[in-house]
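Chain by chain, the residues:
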Amino acid sequence: MNITGLDQALSRLHQLPGKLLEYSSIEMEKTAQEVLKTAQAIVPVRTGALRNSLQQNTWAVGAEILARRPYAIYLEYGTRRMSARPFLLPAAREADYLARMIRAMQEAIQ
């Protein structure tokens with residue numbers, strides 16, 4: 001018995017993991033760039049050293065935005081003497097990573 005289109009469907013299914021990785025990697029890079037840009041725009045600035053220390057690292061399955069100044073964590077979360085002035089978490093939330101990855105997966109499947 002020969003099922004029409006089975007070979008084509010199996011071929012597409014076989015290619016799906018690679019397409020999912022490709023599409024998600026592209027979206028991961030775009031999202032990380034957007035988070036970095038937003039964080040640089042909203043970070044509190046006194047000398048500019050913290051803003052200039054922000055950097056992005058991206059891999060196929062992940063990304064990170066680093067703040068290379070030791071006091072960044074105190075600005076992000078605050079202390080008992082200083083209110084938080086977050087810049088990384090708001091930038092990440094604004095990028096809406098989950099929605100973007102869902103769209104990337106849907107595009108890869110089509």
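Think of each chain on its own: its residues are numbered from 1, step by step along the sequence as written. Two thresholds apply to this predicted model, a pLDDT of at least 70 for residue-level local features and 80 or more for giving and counting side-chain atom pairs, whereas whole-chain, interface and lining totals are computed over all residues. In computing side-chain properties, one takes all heavy atoms of the structure into account and sets aside hydrogens as well as water.

Moving on: the overall build of the protein. Looking only at helices and strands, one finds five helices and two strands in the protein. Strands here mean DSSP runs of E at least two residues long; helices mean DSSP runs of H or I at least four residues long; both are numbered from the N terminus. Order of helices (α) and strands (β) in the protein, N terminus to C terminus: α-α-β-β-α-α-α. Dimensions along the principal axes, computed over C-alpha positions, put the protein at roughly 75 × 20 × 20 Å. Contacts are residue-level and defined by heavy atoms, with any inter-residue pair within 4.5 Å sufficient. Taking the contacts inside the protein whose residues are at least 6 apart along the sequence as the reference set, 56% of them involve residues at least 24 apart. Per-residue and other accessible areas were derived by the Shrake-Rupley procedure at a 1.4 Å probe size, with only the shown protein chains allowed to occlude residues. Accessible area for the protein stands at about 8,000 Å²; split by element, carbon and sulfur atoms hold 55% of it.

What follows concerns the environment of Tyr74. With respect to the helices, strands and loops of the structure, Tyr74 is situated in helix 3 (residues 72-77). It is 22 Å that separates the C-alpha atoms of Tyr74 and Ala63, two residues lying eleven residues apart in sequence. Setting aside residues up to four positions removed in sequence, Tyr74 forms contacts with Thr79 and Met82.

Relative to the assigned elements, Thr31 resides in helix 1 (residues 6-42). Note on classification: 1.4 Å probe, protein chains only; a residue is buried when its accessible area is under 20% of the maximum for its type, exposed when over 50%, partly exposed between these limits. With a relative accessible area of 4%, Thr31 lands in the buried category.

To continue, consider unusual backbone geometry. For Asp96, which is not a glycine, the phi torsion comes out positive at approximately 50°. Note that Asp96 resides in the loop between helix 4 (88-95) and helix 5 (97-109).

Moving on to the packing of helix 1 against helix 4. Two measures define how a pair of helices packs: the angle their axes make with one another and the distance between the axes. Lines fitted to C-alpha atoms define the axes here, with helix axes fitted over just the stretch in contact, and angles between the N-to-C directions of these axes take values from 0 to 180 degrees. Interhelical geometry of helix 1 versus helix 4 gives an angle of 135° and a closest axis separation of 8 Å. Between helix 1 and helix 4, the interaxial angle falls into the category oblique. Crossing geometry of helix 1 relative to helix 4 is assigned as right-handed. Along its contact with helix 1, which presents Thr31, Glu34, Val35, Thr38, Ala39 and Ile42, the element helix 4 presents Leu88, Pro90, Ala91, Ala92, Glu94 and Ala95. Note on residue categories: nonpolar means Ala, Val, Leu, Ile, Met, Phe, Trp, Tyr, Cys or Pro, charged means Asp, Glu, Lys or Arg, and polar means any other residue, Gly included. The class makeup of the residues in the contact of helix 1 with helix 4 is eight nonpolar, two polar and two charged. Orientation is classified from the angle alone, with under 35 degrees giving roughly parallel, over 145 giving roughly antiparallel, 65 to 115 giving roughly perpendicular, and any other angle giving oblique. For a crossing to be left-handed, the near helix must be turned anticlockwise from the far one by less than a right angle; the clockwise case is right-handed.

Moving on: the confidence of the model for the protein. What pLDDT reports is the predictor's confidence in each residue, on a scale of 0 through 100. Looking at the protein, the pLDDT average stands at 91 and 98% of residues meet or exceed 70. Highest mean pLDDT in the protein belongs to helix 2 (residues 49-53) (98); lowest belongs to helix 5 (87).

Turning our eyes to something else, we now look at the nonpolar core. Counting residues in each nonpolar core, the largest one holds 13 residues, and the members touching the most others are Val35, Ala39, Leu50, Leu54, Ile65 and Phe87. Residue assignment for this core shows that the elements contributing at least two residues are helix 1, helix 3 and helix 4. No other element matches helix 1, which puts four residues into this core. The contact partners of Ala39, leaving out residues within four places of it in the chain, are Leu54, Phe87, Leu88 and Ala91. Buried Ala, Val, Leu, Ile, Met, Phe, Trp, Tyr and Cys residues that are joined via side-chain atoms within 4.5 Å together make up what is termed a nonpolar core.

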